[in-house]
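For reference, the chains in residue letters:
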Amino acid sequence: MSVLEQLGALDIGTNEQVDETLQRIADEEAKVNEKLESLLAKQCQIEAKMSGIGRSLSLLHTVDSDSNKLNDQIVNTAQLAESVSAKVRRLDLARCRASECQQRVHDLIDLHLCSQGVVKAIGEEDYEKSATHIARFLAMDQQLLRRTADDVQGSITSVSDAVKTLEDATEKTRVLIAKRFDEAVKADDLASVERFFKIFPLVGCHRTGIEKFSLYICQKLANKAQKELRNAQDIAKAESRLQLAYADRLTAILENFARVVEVNQPIIEAFYGQASSSLIDMVSILQHECDTEVKNLLMEFNKNRQIQYRSKQVNESTQRSAGGGNLGSNSIQALGHYRKPSGGSVDKLNPKEIDAIIAEITVMHARVELYFRFMRRRLQVHVETCVPEKEQFDIMERYEKIMKNSDLRRQMQEILSTYLLLERYFMEESVLKAIGLDTYESGQQCSSMVDDVFFILRKSIRRALTTQSINGTCAVINNVAACLDGDFVNALKAPLKSGYPSGYIDLAQAYNAIQTSLQQGKLHSSDADRGRANFLVQLNNADISTEYIETLCQTMEQEIAGTFPQTTQVERQMLDSCLTELKAVRDALKATVDFGMQQLRSSVIKPRLNPWINQFLNYSHNLNEEELAAYEAGETFVQFFIVQLDGLLNSFKNSLSPRNYDALVSILATEVTIQLERAIKKISFNRLGGLVLDQEVRALGSYLTGATSWSVRDKMTRISQIATLLNLDKITELSEYWNPENNKEMSSWHLTPNEVRTFLTLRNDFRIEDIKRLQL
Amino acid sequence: MEDYKFLFKIVLVGNAGVGKTCLVRRFTQGLFPPGQGATIGVDFMIKTVEVEGEKIKLQIWDTAGQERFRSITQSYYRSAHALILVYDISCQPTFDCLPDWLREIQEYANSKVLKILVGNKTDRDDREIPTQIGEEFAKQHDMYFLETSAKEAENVERLFYEIAAELIGQARSKDGSSSAAAAAAQRQSEGSSIGLGSFSAKAAQSNCCGGLASGGSNSSQGG
């Protein structure tokens, strides 16, 4: 803003204002002067800089011309460098050619040396030397040699001659070595065999070498195996392992093959290294021989252990007991799984007889699994160290295929099938036997068969684990579940079905029973007693079995995890699923327990309770003060009733397992309340009668609650509420009880309004109209 | 925990090479792997399906058809809710063996197990067993019937879904809809009281049979 403008904007109307304005203008002027002075002070600095710039300008011209020169030089150098590097490249090429040439010259020199040496070596039968020459020859580029021969044609003599000599020599040596090898085999000269085995790769016959050597070994092993098989029994006898004679022979066979691979693997890696499939070729040939030897062994095993005959016996016995399903019948009857114990059959196989065979088969199967695992591991190590990465997978794949398709594998599947058949028979028959031999010692709650049966089942599963086969283990677990669910549950249930012998209902029946037992010369009560004891024992057996199943599953789970540390997810799921199935048999056992409890309810509790509850009707509940005093002084109903109940429960307390006893008390409580309620409806009450009833119900409730660790209080709720109703002072008191918010300690009503009215009418001092008028 | 309301076990049986594994693979993975090797022992797959708004876990046991695995495969019959008996419509011997299979089923399986006869490989031109023959056989032996092609994915989904629906129906009619019921349903126990559904097996069959066979030319009269 200019000064004039500033002035224009000012008000200069009065003197003061003029002064003020003047003052301001003076200030402004002073400021401007100051600025001007400072600018002037910078003048010489600026001048100095200007002159500096002037000087630099001339320098810059020099820089410009210099950099142009430099640029030219760089371009020149670049061109030079390019031409130099082209020369270097050419030189390198030349050097390469020279070295190739040198190589060829070397080759040629070697060729001559070799061709001379090989003839001499062959003449001297120095196969190693000749083979080394040939190996050197084979390592040369054959095409190049031929071209060289063409190139030098005419000049000097004999490149092509030398090549020809060597080719002939190679052919000759190959034939010769093969011949010598065969001779060595014939002479059974192991040292020579190994000598020539190492020569084969030198003359380029990797495959032949492996094949010939493998066949030689196979032949040796075959002889050995045959001899051992013939003496299997004697050897076993000497080692006192007769029962494992064939498993031991099988082990020996497999060990032999494994050893061959183990011993020869380093040799093959050293001499046959270039051909990466050498070891797998050998394994393949060996496996073939192994199949044959195992087949021979198993034939002998089958014959000697009478496997066919025994399998047939087992199958026949199974079919017999299954009732022989009619083939093609249109109606498929529900046979269920229950097999009748087919004792007494003449040619029935004794499970003990096959116990040893089963054990032997499991050992055999486990050995083969071990053998396959060993071979796989060997090959894995081999391919990881000696085989190019891209071929590794193919070779392992090839091994898996060899293994999967091998006859040995197939035979093991067959033998596993035999194992499962025999194991199932052994298990089922042993279980039936344990059931048949069931004994009960007084004082015990369970009988011998529970321990026996679970011992057998655990033995079977454990044995299945030793086969090392997941499929086999799963099948045995399934069979165990079937056996428990079938034979075992049925055996427990049979005595429960016929009911609990409840003693004699009336005198006539008792008299008859005594007569008959006297005639048969028995103690008269023993039959019924034994029946009762048996009933309770089986009930306890069923109860304890539910725990045993749990334990069995847990133990087996651990042992399975220990036996198969590396399982695939599918295998894991399969095992889990089978174990779950086994655990589910618990449900069938629980149903059995429930069934038995219902039998107790109908044959013991109900009939016994009846007369006792009837006693209740004999006590009047229309009492005056005196009568009440007299009643309370004497034996009250509830005292009598509790004594009776106590007697009843005590007769069961020691013979039932704790859980079953609790269940019994629970059933008893239910039944007592039902019957008592029915009795209450049959009589009438006055105020004091109601009081007595309430006391009695409370006493009963506390007795039953004290009798068991389970809660029976909820079972008593309804009857307590009835007693409360009948114990009302006035009918109007009901509203205090009826509304739950008025009474916290009372659980919600188990009675409908109609029922409440019905029970209230039992009080003869309540008026019908009042009851009707109740708002519920 | 996995979220499903029912767990059903389905076991496939039948001669070697009729296509059991292919049916299972087609259903569980949507694949048809040609050149399948023979199954060893048993194989096991799980697929969760939704039927009538319920999540159903199907545990499918694919068994080996070869004789030497019989003692392994037999052990799975007992716990099966449904058994699928498969034959090859282009191979008479596989059909001729059906009575043998039925005998095995009768001996080892729960008497109330759901049985389905499946003629597989309808994609093949060289059919040897006419649909009607298979149907007759199924009717005679109280089985449901369906023809499938694992290769063309024909009727495969339907087969398993219908089985699931039928098993749900049985489980529900037996006991409300608690999942424990499904587990308990397999328990063969005390004759008739606890089994696969309390409603008449015959009625169930005619329902499902009609349902299974109603589509296309191979419709049947029902049970």
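Going along each chain's sequence as written, the residues are numbered from 1 onward. Chain letters and ligand numbers both follow the written order, the letters beginning at A and the numbers at 1. For this predicted model, a pLDDT threshold of at least 70 governs which residues receive local features, and a threshold of 80 or more governs which side-chain atom pairs are given and counted, while totals over whole chains, interfaces and linings are taken from all residues. Side-chain descriptors were evaluated using all non-hydrogen atoms of the structure, hydrogens and water having been removed beforehand.

Looking at an unreviewed UniProt entry, chain B carries the name Ras-related protein Rab-30, with the source organism given as Drosophila melanogaster. UniProt positions are given in the numbering used here, feature names are shortened, and annotations may be inferred rather than shown by experiment. Heading Sequence similarities (unreviewed entry) of the UniProt record for chain B holds this comment: "Belongs to the small GTPase superfamily. Rab family."

Within UniProt, the label attached to chain A reads Conserved oligomeric Golgi complex subunit 4, and the organism entered is Drosophila melanogaster. Entered under Subunit in the UniProt record, the comment concerning chain A runs "Component of the conserved oligomeric Golgi complex which is composed of eight different subunits and is required for normal Golgi morphology and localization." Under the heading Sequence similarities, UniProt records this for chain A: "Belongs to the COG4 family."

Asker: Talk me through the overall build of chain A; I want residue IDs and the actual numbers.
Answerer: Put simply, DSSP H or I for four residues or longer makes a helix, DSSP E for two residues or longer makes a strand, and each gets a number counted from the N terminus. The secondary structure content of chain A amounts to 29 helices and zero strands. Exposed residues in this analysis have more than 50% of their type's maximum accessible area, buried residues have under 20%, and partly exposed residues fall in between, with area computed by a 1.4 Å probe over protein chains only. Going through the 776 residues of chain A one by one, you find that 43% of them count as buried. Here the open area of atoms and residues is found with the Shrake-Rupley method and a 1.4 Å probe, where only the protein chains shown may cover a residue. Accessible surface, chain A as shown: approximately 42,100 Å² in total, 53% of it carbon and sulfur.

Asker: Talk me through the environment of A:Thr758; I want residue IDs and the actual numbers.
Answerer: Residues and elements named next belong to chain A. Secondary-structure assignment places Thr 758 in helix α28 (residues 753-760). Exposure remark for Thr 758: the relative accessible area of 45% places this residue in the partly exposed category. Each C-alpha atom of the pair Thr 758 and Ile 771 lies 9.0 Å from the other, and the pair is 13 residues apart in sequence.

Asker: Would you mind going over the sheet that holds strand β1 (residues 6-13) of chain B in detail, with residue names and values included?
Answerer: Only strands that DSSP links by at least two bridges are regarded as paired with each other. The strand order across the open sheet formed by six strands is β2-β3-β1-β4-β5-β6 (chain B), and the pairing between neighbours is mixed. Each end of this open sheet is capped by a strand with a single partner; those strands are β2 (42-51) and β6 (144-147) of chain B. The average undirected angle you get between the axes of adjacent strands in this sheet is 25 degrees. Sheet topology places β1(B) next to strand β4 (residues 82-88) of chain B; four bridges connect them, and they run parallel. What sits directly across from B:Val11, in β4(B), is B:Leu83. We call two residues in contact when some of their heavy atoms are within 4.5 Å. Orientation is described by lines fitted to C-alpha atoms, with helices fitted over the stretch in contact, and by angles between N-to-C directions that extend from 0 to 180 degrees. Along the sheet, helix α20 (residues 569-583) of chain A contacts β1, β2 and β3 (54-63) of chain B; its crossing angle with β2(B), the most-contacted strand, is approximately 75 degrees.

Asker: Outline the layout of surface pockets, listing residues and values.
Answerer: Taken as a whole, the largest pocket spans an internal volume of roughly 1,500 Å³. Taken together, 39 residues line the largest pocket, and the ones lying closest to its centre are A:Arg409, A:Ile470, A:Asn471, A:Glu571 and B:Ile40. Looking at the lining of the largest pocket, the elements that each hand over two or more residues are α13 (351-386), α14 (389-405), α15 (407-436), α17 (470-497) and α20 of chain A together with α1 (20-29) and β2 of chain B. Amino acids are sorted into nonpolar (Ala, Val, Leu, Ile, Met, Phe, Trp, Tyr, Cys and Pro), charged (Asp, Glu, Lys and Arg) and polar (every other residue, Gly among them). For the lining of the largest pocket, the residue count by class is 14 nonpolar, 15 polar and 10 charged. Definitions used for this entry: grid spacing 1 Å over protein atoms alone; cavity, a set of points where a 1.4 Å probe fits but cannot get out; pocket, an open set with protein on both sides within 12 Å along at least 5 of 7 lines; lining residue, one with an atom within 4 Å of a point. Lining the second largest pocket we find 41 residues, and of these A:Asn315, A:Ser417, A:Leu421, B:Glu67 and B:Arg70 sit closest to its centre. Within the residue set of the lining of the second largest pocket, elements represented by two or more residues are α11 (278-304), α12 (307-321) and α15 of chain A together with α2 (70-73) and α4 (98-108) of chain B. Among the elements that line the lining of the second largest pocket, the one with the most residues is α15(A), at nine residues. When grouped by side-chain class, the residues that make up the lining of the second largest pocket number 12 nonpolar, 16 polar and 13 charged. Grid points are joined across faces, edges and corners, and a volume is the space filled by probe spheres set on the points.

Asker: With reference to specific residues and values, describe the packing of helix α24 (residues 658-680) of chain A against helix α25 (residues 687-707) of chain A.
Answerer: To characterise two packed helices, one gives the angle between the axes of the helices and the distance between these axes. All names here are of chain A. Between α24 and α25, the least distance of the axes is 10 Å, while the angle of their chain directions is 170 degrees. Taken together, the axes of α24 and α25 lie roughly antiparallel to each other. Taken as a pair, α24 and α25 cross one another with a handedness that is right-handed. Contacts between α24 and α25 involve Tyr 661, Val 665, Leu 668, Ala 669, Val 672, Leu 676 and Ile 680 on the former and, on the latter, Leu 693, Leu 700, Leu 704 and Ala 707. Each angle gets one of four labels, with under 35 degrees taken as roughly parallel, over 145 as roughly antiparallel, 65 to 115 as roughly perpendicular, and the rest as oblique. Each crossing gets its hand from how the near helix is turned against the far one by less than a right angle, where anticlockwise is left-handed and clockwise is right-handed.

Asker: Describe the environment of B:Trp61, and please don't skip the residues or the numbers.
Answerer: Residue and element names in this part refer to chain B. For Trp 61, the location among the structural elements is in strand β3. The spacing of Trp 61 and Lys 9 is 52 residues in sequence and 7.4 Å in space, taken between C-alpha atoms. At a separation of 3.3 Å, a polar atom in the side chain of Trp 61 contacts the side chain of Gln 59. Whenever a nitrogen or oxygen atom comes within 3.5 Å of another N or O atom, the pair is scored as a polar contact, on the condition that within protein one atom can donate a hydrogen and the other can accept it, and that pairs from neighbouring residues in sequence are kept only if both atoms are in side chains.

Asker: Summarise the side chain of A:Arg601; cite the residues concerned and give the values.
Answerer: Residue and element names in this part refer to chain A. With respect to the helices, strands and loops of the structure, Arg 601 is situated in helix α21 (residues 585-618). Owing to a relative accessible area of 18%, Arg 601 belongs among the buried residues under this scheme. Dropping the residues within four chain positions of it, Arg 601 is found in contact with Lys 606, Pro 607, Ile 667 and Glu 671.

Asker: Talk me through the pairing of β6(B); I want residue IDs and the actual numbers.
Answerer: Residue and element names in this part refer to chain B. Residue alternation in β6 divides its side chains into two sets, Tyr 144 and Leu 146 and Phe 145 and Glu 147, and both sets are buried. In this structure, strand β5 (residues 114-120) lies alongside β6, joined through four bridges in parallel fashion. By the bridge assignment for β6, Leu 117 is matched with Phe 145. The β-α-β motif built from β5, the intervening helix α5 (residues 131-140) and the parallel element β6 has right-handed crossover chirality. Throughout, right-handed denotes a crossover for which the path from the first strand over the helix to the second runs clockwise when the strands point away from the viewer.

Asker: Go over a positive patch on the surface with me, naming the residues and quoting the values.
Answerer: Residues and elements named next belong to chain A. Excluding any residue in a salt bridge, patches collect residues exceeding 30% relative accessible area, merging like charges within 9 Å and nonpolar Val, Leu, Ile, Met, Phe, Trp and Tyr side chains within 5 Å. Basic side-chain nitrogens of Lys or Arg form a salt bridge, by our definition, when they fall within 4 Å of a carboxyl oxygen of Asp or Glu. For the charge count, each Lys or Arg is scored as positive and each Asp or Glu as negative, with His and the chain ends excluded. A single reference atom marks each charge: NZ on Lys, CZ on Arg, CG on Asp, CD on Glu. Residues Lys 224, Lys 227, Arg 230 and Arg 259 make up a contiguous surface patch of positive charge. In terms of residues, the positive patch owes the most to one element, helix α8 (residues 206-230), which gives three residues. Structurally, the position occupied by Arg 259 is in helix α10 (residues 245-271). Accessibility expressed as a relative area gives 44% for Arg 259, which makes it partly exposed.

Asker: Go over the pattern of salt bridges with me, naming the residues and quoting the values.
Answerer: Two side chains with opposite charge may pair up if their charged atoms get near one another. Residues and elements named next belong to chain A. Under the definition given, this model contains 49 salt bridges over all chains. Here Arg 207 ties to Asp 281 by a salt bridge, and the two come within 2.9 Å at their closest N and O atoms. Taken together, the residues Arg 207 in helix α8 and Asp 281 in helix α11 connect sequence positions 74 residues apart. Since its relative accessible area comes to 45%, Arg 207 is described here as partly exposed. Relative accessible area serves as the criterion here: at 6%, Asp 281 is assigned to the buried category. Between Arg 463 and Glu 423 there is a salt bridge, and its shortest N-O distance comes to 2.8 Å. Residue Arg 463 is found in helix α16 (residues 448-466), and its partner Glu 423 is found in helix α15; the two are separated by 40 residues along the sequence. Given a relative accessible area of 9%, Arg 463 falls into the buried group. Judged by its relative accessible area of 1%, Glu 423 is buried. Among the charged side chains, a salt-bridge network with shared partners connects Arg 207, Glu 211, Asp 281 and Arg 398.

Asker: Explain the domain arrangement of chain A residue by residue, including any values.
Answerer: Note that the domain bounds were set by an automatic or database domain assignment. Per the domain assignment, the segments of chain A are domain 1 (15-204), domain 2 (211-317 + 350-437), domain 3 (443-503 + 525-596) and domain 4 (619-773). Between the C-alpha centres of domain 1 of chain A and domain 4 of chain A the distance comes to 108 Å.

Asker: Now, about empty space enclosed by the protein: what can you tell me, with residues and values included?
Answerer: Within the structure shown, the criterion is met by eight cavities of 30 Å³ or more. What the largest cavity holds in volume is close to 140 Å³. In terms of lining residues, the largest cavity is bounded by 14 residues, among which A:Arg424, A:Asn479, B:Gln74, B:Ser75 and B:Tyr108 are the most central. Sorting the residues of the lining of the largest cavity by element identifies α15 and α17 of chain A as the ones contributing at least two each. Here the lining of the largest cavity takes four residues from α15(A), the largest share from any one element. If you count residues domain by domain, the lining of the largest cavity takes at least three from each of domain 2 (211-317 + 350-437) and domain 3 (443-503 + 525-596) of chain A.

Asker: So what about a nonpolar patch on the surface? Which residues, and what values?
Answerer: Residue and element names in this part refer to chain A. Residues Val 32, Leu 36 and Leu 39 make up a contiguous nonpolar surface patch of about 280 Å² in total accessible area. Position of Leu 39 relative to the elements: it lies in helix α2 (residues 15-41). On the accessibility criterion, Leu 39 (55% relative accessible area) is exposed.

Asker: Quick one: what's the story with α1(B), residue by residue and with numbers?
Answerer: Note: α-helices contain 3.6 residues per turn, so residues at a spacing of three or four share the same orientation. All names here are of chain B. A large share of α1 lies buried, amounting to nine of its 10 residues. All of the buried residues in α1 are Lys 20, Thr 21, Cys 22, Leu 23, Val 24, Arg 25, Arg 26, Phe 27 and Thr 28. For α1, the secondary structure elements touched by its buried residues are β1, β2, β3, β4, β5 and α6 (156-174). Note on α1: the residue one or two positions beyond its end, Gly 30, has a positive phi of about 70 degrees.

Asker: Explain the pairing of β3(B) residue by residue, including any values.
Answerer: All names here are of chain B. In terms of burial, β3 is largely enclosed, as nine of its 10 residues are buried. The pairing of β1 with β3 spans seven bridges and is parallel. Residue pairing across strands places Lys 9 opposite Gln 59, the latter belonging to β3. Judged from the 10 bridges that link them, β2 and β3 form a sheet pairing that is antiparallel. Following the sheet pairing, Val 49 is matched in β3 by Ile 56.

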